[in-house]
Amino acid sequence: VGSGIIGRCWAMLFARAGYAVVIHDIQEAQMATALASVKTQLEGLHASGLLPEPVDTVFARISSDGSLASAVKGAVHVQECVPEKLSIKIDMFQALDAVVDDGTVLASSSSCIPPSQFTDGLKHKSQCLVAHPINPPHYTPLVEIVPAPWTDADVLARTVALMKQLGQAPITLKKEVNGFVLNRLQYAVIMEAWRLVEDGVCSPEDVDTAVSQGLGLRYSFMGPFETIDLNADGIVDYCERYGENITAVCKEQADARQMKGSQTAALLEAAQRVHVPKELLAERRKWRDERLAALAVHRAAAPKWES
């Protein structure tokens, strides 16, 4: 439900896994554009070796329907992909609540709005949760599953199982928290990068290099806890060696900076435009997705660690 960038990506993932998919949008022209875009992206997946079937076979599983009621009729799973605005989410889930079956899972793609804020009072609220993908989800498999306090345990289990069937990597939050998991981690890195530039410690280019040529290389295949586990004789040993200094540094990182309308934002914008002019942003995004596709192929072929 919603045929923007994320909705199109979800359609590809479900169709690739063998499901019949119906795209719904309030704008007829948008659905036609979405279908054309989906076919183009499926061709890209096929060229990268990430689509096991012919493009036409997978694409034939995807259709569109301008009627919400008929689009979701008999659906086992509805993935909401409307804009990230609470009032829009509330209206959309109220509309879905009026037309879905008692067995349909209602999942939101919300990146930071907790499900309790737009599902309270619904008849089918126990069937609602968040399944937040990472952009672009066909190359970055993480999905954050966030239940509301009233989400049924079976709905949660079914959603986790479905995401795994799609080839995604779901994580489950035990409770609602602002920003979920990935954005809380991402925002911490962004804010510290911001401070390093704003305080004159480092240039924007060098901060990006510190991540792309340093932290990012390890973090592309292992998380922070496994990283520190391997950087010492286990996590307890790591904390004994480095814990006090880490805590001292983090005490210096407590001050959040104003980003909107700031001089630092203008400085960072200017630095980025030196490397990528604004008119080339679409081309740069295409290059990013090609690199992510190559990484996905590499990860699929890489040997897995078995203890």
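Cut-offs and rules
Residues numbered from 1 in each chain as written. Predicted model: local features only at pLDDT ≥ 70, side-chain atom pairs only at ≥ 80, totals over all residues. Heavy atoms only, no water. Phe/Tyr/Trp six-rings, centres within 6.5 Å; stacked < 30°, edge-to-face > 60°. Buried < 20%, exposed > 50% of the residue type's maximum accessible area, 1.4 Å probe, protein only. Salt bridge = Lys/Arg side-chain N within 4 Å of Asp/Glu carboxyl O. Helix = DSSP H or I, 4+ residues; strand = E, 2+ residues; numbered from the N terminus. Core = buried A, V, L, I, M, F, W, Y, C linked by side-chain atoms within 4.5 Å. Contact = heavy atoms within 4.5 Å. Polar contact = N/O pair within 3.5 Å; in protein donor to acceptor, adjacent residues only side chain to side chain. Axes fitted to C-alpha atoms, helices over the stretch in contact; angles between N-to-C directions. Parallel < 35°, antiparallel > 145°, perpendicular 65-115°, else oblique. Nonpolar A, V, L, I, M, F, W, Y, C, P; charged D, E, K, R; others polar. Patch = residues over 30% accessible without salt bridge, like charges linked within 9 Å, V, L, I, M, F, W, Y side chains within 5 Å. Areas by Shrake-Rupley, 256 points an atom, 1.4 Å probe, with all protein chains shown as cover. Left-handed = near helix turned anticlockwise from the far one by under 90°. Pairing = 2+ DSSP bridges.

Student: Help me understand the packing of aromatic side chains, please; the structure alone is not making it clear to me.
Tutor: To describe a pair of aromatic rings, you give the distance between the ring centres and the angle between the ring planes. Per the counting criterion, the structure on display carries four aromatic pairs. Judged by centre distance (6.4 Å) and plane angle (85°), the ring pair of Phe 14 and Tyr 19 falls under edge-to-face. Overall, the relative accessible area of 10% leaves Phe 14 in the buried class. Connected via pairs of aromatic rings, a cluster forms that spans Trp 10, Phe 14 and Tyr 19.

Student: Sorry, what's going on with the pattern of salt bridges here?
Tutor: In total, this model carries 15 salt bridges according to the counting rule given. Glu 53 serves as the salt-bridge partner of Arg 61, at 2.9 Å between the closest nitrogen and oxygen. The exposure class assigned to Arg 61 is partly exposed, which follows from its relative accessible area of 21%. The closest approach of N and O atoms between Arg 273 and Glu 269, which form a salt bridge, is 2.9 Å. Of this pair, Arg 273 and Glu 269 both sit in helix H12 (residues 263–275), separated by four residues, roughly a single helical turn. Assessed through its relative accessible area of 22%, Arg 273 is described here as partly exposed.

Student: Can you help me understand the nonpolar core in this one?
Tutor: Among soluble globular proteins, nonpolar side chains are generally buried collectively. With 34 residues, the main nonpolar core has Trp 10, Leu 42, Ile 62 and Met 163 as its most contacted residues. The element that contributes the greatest number of residues to this core is helix H1 (residues 5–16), accounting for seven residues. Setting aside residues up to four positions removed in sequence, Leu 42 forms contacts with Met 12, Leu 51, Val 55, Val 58 and Phe 59. By size, the runner-up hydrophobic cluster in this structure holds 19 residues, among which are Met 92, Val 100, Val 146 and Leu 173.

Student: What exactly am I supposed to notice about the side chain of Ser 262 here?
Tutor: Relative to the elements of secondary structure, Ser 262 occurs in the loop between helix H11 (235–251) and H12. A distance of 3.1 Å separates a polar side-chain atom of Ser 262 from the backbone nitrogen of Ala 265.

Student: What am I meant to see in the side chain of Thr 151 here?
Tutor: Within the secondary structure, Thr 151 is located in the loop between strand S6 (142–147) and helix H7 (153–165). For Thr 151, the side chain forms a polar contact with the main-chain oxygen of Cys 128, separated by 2.6 Å. A distance of 2.8 Å separates a polar atom in the side chain of Thr 151 from the backbone nitrogen of Ala 148. Apart from the residues within four sequence positions on either side, Thr 151 is in contact with Ser 126, Cys 128 and Leu 129.

Student: Can you help me understand unusual backbone geometry in this one?
Tutor: Only a minority of non-glycine residues have a phi that is not negative, and only a minority of peptide bonds are not trans. Here Asn 135 and Pro 136 are connected by a cis peptide whose omega angle stands at -5°. The topology assignment puts Pro 136 in the loop between strand S5 (128–133) and S6. Its identity is not glycine, yet Phe 180 carries a phi of approximately 60°, on the positive side. Counting through the fold element by element, Phe 180 comes out in the loop between strand S7 (169–172) and helix H8 (182–198).

Student: Looking at this structure, I do not really get the packing of H8 against H12. What am I missing?
Tutor: The axes of two packed helices give the description: the angle between them and the distance between them. Their axes nearest at 11 Å, the elements H8 and H12 cross at an angle of 90°. Viewed along their axes, H8 and H12 adopt a mutual orientation that is roughly perpendicular. From H8, Trp 194, Val 197 and Glu 198 reach across to H12, where they touch Thr 264, Ala 265, Leu 267 and Leu 268. Here the contact of H8 with H12 is composed, by residue class, of five nonpolar, one polar and one charged.

Student: Sorry, what's going on with a nonpolar patch on the surface here?
Tutor: A surface patch of nonpolar side chains, about 320 Å² in accessible area, is lined by Val 189, Val 211, Leu 215 and Tyr 219. Tallying contributions element by element places helix H9 (residues 204–219) first for the nonpolar patch, with three residues. Within the secondary structure layout, Leu 215 lies in helix H9. For Leu 215, a relative accessible area of 37% gives the class partly exposed.

Student: Mind showing me how you'd approach the packing of H1 against helix H2 (residues 28–47) here?
Tutor: The N-to-C vectors of H1 and H2 enclose an angle of 55°; their axes lie 9 Å apart at closest approach. Put simply, H1 runs oblique to H2. Helix-helix and strand crossings are classified by hand; for H1 and H2 the assignment is right-handed. Mapping the contact onto sequence places Arg 8, Cys 9, Met 12 and Arg 16 in H1 and Gln 30, Thr 33, Ala 34, Ser 37, Val 38, Gln 41, Leu 42 and Leu 45 in H2. Of the residues in the contact of H1 with H2, the class split is six nonpolar, four polar and two charged.

Student: What exactly am I supposed to notice about the sheet that holds strand S3 (residues 77–80) here?
Tutor: Consider a sheet: its strands pair through backbone hydrogen bonds, and that pairing is either parallel or antiparallel. One open sheet accounts for five strands, arranged S3-S4-S5-S6-S7; its pairing is mixed. Each edge of the sheet is formed by a strand with only one pairing partner; in this case those strands are S3 and S7. The sheet shows a mean angle of 30° between the axes of neighbouring strands, direction not considered. Two strands pair when backbone bridges link them, and strand S4 (residues 105–108) and S5 are joined in this way by three bridges, in the parallel orientation. From the neighbouring strand, Ser 108 faces S5, where its bridge partner is Val 130. Running at roughly 175° to S6, H7 makes contact with S3, S4, S5, S6 and S7 of the sheet.

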